[in-house]
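The chain contents come next:
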Amino acid sequence: MSKVLRISKGAEQGVQELLKFLLESGKVKGVLTLTKINNNGAVDYSLITNSEMLKDALPLFPLMPANAGKLLSRFTLKSALAEPIAVVVKPCELRAFIELVKREQGSLENFLFISSTCDGVYPLEISSNGEVAKKLSKYWDAVKKGDIAPDIRPTCSCCKYFLPYNADITIALIGENIDKECKIFLTTEKGKKSVEGMKGQLVEGELKTQEVKNLLNKREENKKKLFDNPALMQDGLSGLIETFGRCIGCHGCSRVCPICYCTLCTFDSKDYENEPSTYETELKKRGGMRVPPNTILYHIGRLTHIGISCVGCGMCTDVCPVDIPLSTIFLKVGGEVQQTFNYIPGKSVEEKVPLTIFEKEELTEVED
Amino acid sequence: MKGAILKIENSIEKTIIEFLKKGLDKKLFDVVLIPVKVPAGDSYAWVLVQDKALLEDANPLPPVMLVQGAKALSSITRRGKSNKKIAAIMRPCEIRASIELSKLQQIDLENICLISIDCPGALPLKDYLEDTKKGIDTFKKVIKEWGNESVRPICQMCDKSVGLSIQSDLHIGIFGAKNNEIYLIPSSQKGKSILEEIGIPAEESMDNWEKKTKEFVETRKKNRKKIQSTLSEKVMGLDNLLETFSNCINCHNCQSVCPICYCRQCYFESEKMKLSSDDYLIRAESKGILRFLPDTLLFHLGRMTHMSLSCVGCGACEDACPMSIKVAQIFSIVGDRSQKVFNYIPGKSIEESLPLKVYEEDEFHDVEKP
Amino acid sequence: MKDDFEPTIIGFLCRWCSYAGADLAGTSRLQYPPSMLPIRVMCSSRVDPVFIITAFLRGADAVLVAGCHPGDCHYIEGNYYTRRRFACLRKIFETLGMESDRIRLSWISASEGPRFAQVVTDYTDKIKKLGPNPAKKEIFL
Ligand code: SF4
Ligand code: SF4
Ligand code: SF4
Ligand code: SF4
Ligand code: SF4
Ligand code: SF4
Ligand code: FES
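We now turn to the structure provided with this report. Every value quoted in this text rests on a predicted model; they were computed, and no experiment measured them.

Thresholds applied
Residues numbered from 1 in each chain as written. Chains lettered and ligands numbered in written order. Predicted model: local features only at pLDDT ≥ 70, side-chain atom pairs only at ≥ 80, totals over all residues. Heavy atoms only, no water. Helix = DSSP H or I, 4+ residues; strand = E, 2+ residues; numbered from the N terminus. Buried < 20%, exposed > 50% of the residue type's maximum accessible area, 1.4 Å probe, protein only. Contact = heavy atoms within 4.5 Å. Areas by Shrake-Rupley, 256 points an atom, 1.4 Å probe, with all protein chains shown as cover. Lys, Arg positive; Asp, Glu negative; His and termini not counted. Charge placed at Lys NZ, Arg CZ, Asp CG, Glu CD. Near = heavy atom within 4 Å. Nonpolar A, V, L, I, M, F, W, Y, C, P; charged D, E, K, R; others polar. Buried area = accessible area lost by both parts, 1.4 Å probe. Salt bridge = Lys/Arg side-chain N within 4 Å of Asp/Glu carboxyl O. Polar contact = N/O pair within 3.5 Å; in protein donor to acceptor, adjacent residues only side chain to side chain. Pairing = 2+ DSSP bridges. Arc of directions from axis to C-beta. Core = buried A, V, L, I, M, F, W, Y, C linked by side-chain atoms within 4.5 Å. Phe/Tyr/Trp six-rings, centres within 6.5 Å; stacked < 30°, edge-to-face > 60°. Lys NZ or Arg CZ within 6 Å of the ring centre and 35° of its normal. Axes fitted to C-alpha atoms, helices over the stretch in contact; angles between N-to-C directions. Patch = residues over 30% accessible without salt bridge, like charges linked within 9 Å, V, L, I, M, F, W, Y side chains within 5 Å.

A word on the overall build of chain B
Logical step 1: A tally of regular secondary structure across chain B gives 14 helices and nine strands.
Logical step 2: With the C-alpha coordinates of chain B rotated into their principal frame, the extents come out at 75 × 55 × 40 Å.
Logical step 3: For chain B, the proportion of its 370 residues judged to be buried stands at 58%.
Logical step 4: Residue pairs in contact within chain B that sit at least 24 positions apart in sequence constitute 74% of those at least 6 positions apart.
Logical step 5: Approximately 16,200 Å² of chain B is accessible, and the part contributed by carbon and sulfur atoms is 51%.
Logical step 6: Between the averaged position of the 52 positive side-chain charges in chain B and that of its 51 negative side-chain charges there is a distance of 3 Å.

Structure (structure tokens):
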């Protein structure tokens, strides 16, 4: 059980009011939230410091134009926040940010994290062709019922971590009567303090409702289906080549991945360019060679670099010009690695990234 | 204008491949750089082919452009010239990008024989991937009917797709060819001697082909103007540009697939673009709101200043954009205009210097303030 | 057919232990197959998993990473990290359905010449049974 501030208004409006209160009371200096960019349906994150601008805020909008974890890292990479900022982000974005902080790519200081129980986001393609608006009512229906929302990103439909970790404030959405009331769960002391003075009813509540538990089960089932689908990828090198054969090497998948934080990816660096003589050696062996080289290397390599921390946000799939189901593959393979180390990326900032620590007595099974 | 005539056996593609095989047999080149169908059968990848057997699955004119050919060639010769002789068979915009990259010292053309081919255009990557079998059928039609509208918008307005508007070593004419023949037209000594060695010296008149391609280019030029001016109205000017790029998610796919943007690390992804948290906040406070990440438009305008003089209008950027932004069309408008200022056509001639690398003492006084 | 197959094994050997162990095996004139191409590294932890994948995709029939026994690393704890990274890579190989037997981690000290010879002999036998790495002939990597 935790403290809940209940407002008798729809969830969207409730959050709007929360943000307005935070800004106007001076409890935060700014708010980072999804906003309307124009009248043609473009939505992106904005940093708002003037409460009047909140009119364009769409804090709960089911879209992820960028993984906000990456944005928060950009925000605090050079210096921590000097003044408090509230951010409204999805659970996997918050998890991604925690992973980045562990990698010293940002700082948690002075952030007030607002998140929600999350029913997933739509593929970006749907936003670029202006179809999100048509889908919204169905989306909110699913949220109310606690169903998997139709047509959302594949990895959203099997994400287990839709109850946010590390949020100071969690808006309850799944299975809630979100047209009529907004339940603002104050999950940390900081969260409680931040709403002091805001109008509403302070009650006790439970975030992990039966509906939430049910959705978890539905997603577990969905995950099995998605992961075990033979069309996802066949075993072995030949399977990899079938799946990644059409990759055009744009590396968009790593640029939008919140965990891939390198300013210059190894695989774009000089180290992975071949000398002309390398081609000659390879041609001798194979009689032919794909160029540019290293398509498969890039993907397995990226798996070894970030699989341990993949939060399954789905950005990589969305950005891929040749529709490779990247996030499903990365979540599946990454998930196995995570299980090996009993690690849930982004769960706790104290827990170190497994590859940066060790125990003296462990993993003897991998030695020969 | 003289060229050689090849009788089409089976198909245009197969005829070209047979020709390439002969070149390999006679050691006129050691390897061929050509798109080959990937094992899944749904796409094509550039393959350096030494073993002739691999040419069975090759396609000199695939329905889509996956990796821009100049990028493939650059990955081979960026670090130095190839010791093997490579015959690279590419679409005209890929050849032109290769010429630009050689001026930018990202391709070493020594030992490379550039073979261009009349290009009917390429299908939009998205359309093709929706149903690749259907895509292949559509493309068959495209090769038959020049000017078919299922190709990418950027291809529909391309005025350098056919004929001899580009500088390759050997050009393959398939436009307006009578049903049963294609033409091989050498434009350099390299090309000429290849034909001679194969035993098909360039002796036939190509006047008819040349005339037809010129006519086609004229209609394309008109088309280009028309499409560009309609688009200009919608996208040019600060407000329109902001609107156009409002959906941009800063993935920089457009930059990373662009053959001309060769930087390993783009300036717009470098440390220089990263501000301190205070600076972001100050920028937000000046208007009360700051789109985050900021500087989307700076990226696009900046990219234009870096590369639009060499933009060959290949469309790779547009194909790679996950948000379906008309990047290539916009860049081609800007490219055309900036290129005109210097009377420069990218990829036209290897001898012509990049306009920003040379100057005259007495020029452009019109841009100076009195 | 498989009998004529002589595998190529790339060995990333740490300078302080395993490379010295290999030296010892050589100077003691121990018998072991000539299948290993050693690459000397300062510590087993210098081996980015991507090196292993690179060697594998370039056509090495197997890749061995060898370092000091746990507790003996010249840099105190390097090999503990190696082990974690290796476990991660192994898991990725397994999940992708790739032959994880083609990558191996072993601890061989400077004084263990015979163990070095044994490891190379055993591993070579094992890889011989597995056959050549399919990546060798692959065009679309
Ligand atoms: S986004 Fe897609 S095409 Fe681009 S590198 Fe990643 S997998 Fe390849
Ligand atoms: S690999 Fe893909 S799904 Fe995983 S965190 Fe990165 S972008 Fe998200
Ligand atoms: S793939 Fe590896 S090197 Fe490249 S950006 Fe991701 S973590 Fe960095
Ligand atoms: S935009 Fe400019 S800096 Fe960036 S890759 Fe292109 S040319 Fe280089
Ligand atoms: S900007 Fe676009 S159209 Fe122009 S050369 Fe680059 S990829 Fe091709
Ligand atoms: S590819 Fe499209 S979305 Fe990505 S940066 Fe370029 S214009 Fe923006
Ligand atoms: S020095 Fe041998 S493993 Fe570290």
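After presenting the structure, the write-up continues.
Points about the site of ligand 5
Residue and element names in this part refer to chain B.
Logical step 1: Near ligand 5 you find 14 residues, and of these C258, C311, C314, G315 and C317 are the closest.
Logical step 2: Counting residues per element, the ones that place at least two in the shell around ligand 5 are α12 (296-307), α13 (316-320) and α14 (327-341).
Logical step 3: For the shell around ligand 5, a count of residues per class yields eleven nonpolar, two polar and one charged.

Remarks on the interface of chain B and chain A
Logical step 1: Each partner contributes residues to the interface: chain B has 68 residues there, and chain A has 64 residues.
Logical step 2: Between chain B and chain A, the buried area comes to about 5,700 Å², and carbon and sulfur atoms account for 58% of it.
Logical step 3: Per-residue buried area on chain B facing chain A is highest for R79, R264 and F292 of chain B; these three make up 13% of the total on that side.
Logical step 4: Here chain B and chain A share nine salt bridges between them.
Logical step 5: Residue K29 of chain A pairs with E285 of chain B through a salt bridge whose shortest N-O separation is 3.8 Å.
Logical step 6: The interface formed by chain B and chain A includes 33 residue pairs in polar contact (both at pLDDT 80 or more).
Logical step 7: Along the lines of polarity and charge, the residues of the side of chain B that touches chain A split into 33 nonpolar, 17 polar and 18 charged.
Logical step 8: The sheet contact formed by strand β9 (residues 288-290) of chain A and strand β3 (residues 44-49) of chain B spans three bridges and is antiparallel.

Examining unusual backbone geometry
Logical step 1: Between V291 of chain A and P292 of chain A the backbone carries a cis peptide bond, its omega angle lying at -15°.
Logical step 2: Following the sequence through the fold, P292 of chain A ends up in the loop between β9 and α11 (295-306).
Logical step 3: Along the chain, F292 of chain B connects to L293 of chain B via a cis peptide bond; the corresponding omega equals 0°.
Logical step 4: Topologically, L293 of chain B is positioned in the loop between β9 (289-291) and α12.
Logical step 5: In the Ramachandran plot, Q105 of chain B falls in the positive-phi region, its phi being about 60° despite a non-glycine side chain.
Logical step 6: Within the chain, I76 of chain C stands out as a residue other than glycine whose phi angle is a positive 70°.
Logical step 7: With respect to the element layout, I76 of chain C can be found in the loop between β3 (62-67) and α3 (78-95).
Logical step 8: For I76 of chain C, a relative accessible area of 60% gives the class exposed.

Some words on helix α11 (residues 277-287) of chain B
Two residues of an α-helix separated by three or four positions point the same way, owing to the 3.6 residues in each turn.
Logical step 1: Every buried residue belonging to α11 of chain B is among S277, Y280, L281 and A284 of chain B, and all of these are buried. The buried side chains of α11 of chain B occupy one side of the element, clustering within an arc of 95° when seen end-on. Along α11 of chain B, exposed side chains directed more than 90 degrees from the buried face belong to I282 and S286 of chain B.
Logical step 2: In the core, the buried residues of α11 of chain B are packed alongside β3 (43-48), α2 (68-76) and β4 (85-88) of chain A together with β9 of chain B.
Logical step 3: Positive phi appears at G288 of chain B, one or two residues downstream of α11 of chain B, with a value of about 85°.

Things to note about the nonpolar core
Logical step 1: Judged by nonpolar contacts, the single largest core of 265 residues is most densely connected at I184 of chain A together with F19, L20 and L33 of chain B.
Logical step 2: By residue number, the principal contributor to this core is helix α1 (residues 11-24) of chain A, which donates seven residues.
Logical step 3: When sequence neighbours within four positions are dropped, the list of residues in contact with I184 of chain A reads K3, V4, L5, I7, L18, I169, T170, I171 and M198 of chain A.
Logical step 4: Counting 15 residues, the second-largest nonpolar core is a separate cluster that includes F5, A66, V119 and V120 of chain C.

Some thoughts on the site of ligand 2
Logical step 1: Around ligand 2, a shell composed of 14 residues is seen, among which C257, C310, C313, G314 and C316 of chain A lie nearest.
Logical step 2: Along the lines of polarity and charge, the residues of the shell around ligand 2 split into ten nonpolar, three polar and one charged.

Description of the packing of aromatic side chains
Logical step 1: Enumeration according to the criterion identifies 23 aromatic pairs over all chains in this entry.
Logical step 2: With a centroid separation of 5.2 Å and 50° between ring planes, the pair formed by F267 of chain A and Y272 of chain A is classed as tilted. Taken as a pair, F267 of chain A and Y272 of chain A share a single burial class, namely buried.
Logical step 3: Where Y267 of chain B meets F268 of chain B, the ring centres are 5.2 Å apart and the plane angle is 85°; that geometry is what we call edge-to-face.
Logical step 4: These aromatic residues form a ring-pair network of at least three members: F75, F97, F111 and F113 of chain A together with Y280 and F292 of chain B.
Logical step 5: It is R15 of chain C that lies over the ring of W16 of chain C; its NZ or CZ is 4.3 Å from the centre.
Logical step 6: Over the ring of Y123 of chain C we find R104 of chain C; its NZ or CZ atom is 5.2 Å from the centre of that ring.

Regarding the side chain of T170 of chain A
Residues and elements named next belong to chain A.
Logical step 1: Mapped onto the elements of the fold, T170 is located in strand β6 (residues 169-172).
Logical step 2: Given the relative accessible area of 1%, T170 is considered buried.
Logical step 3: In contact with T170, other than residues within four places in its own chain, are S115, S116, T117, P164, K183, I184, F185, T187 and L207.

Quick notes on the sheet that holds strand β1 (residues 9-14) of chain C
Residue and element names in this part refer to chain C.
Logical step 1: Pairing is parallel in the open sheet, where four strands are placed in the order β2-β1-β3-β4. A single partner strand is all that each edge strand has here, and the edge strands are β2 (36-41) and β4 (103-107). When strand polarity is set aside, the average angle formed by the axes of neighbouring strands in this sheet is 20°.
Logical step 2: Sheet analysis places β3 next to β4, joined by five bridges and oriented parallel. Across the sheet, residue V65 finds its bridge partner in β4, namely L105.

Concerning a negative patch on the surface
Logical step 1: Together, E125, E131 and D323 of chain A together with D127, E130 and D131 of chain B line one region of the surface with negative charge.
Logical step 2: Assignment of secondary structure puts E131 of chain A in the loop between α4 (124-128) and α5 (132-145).

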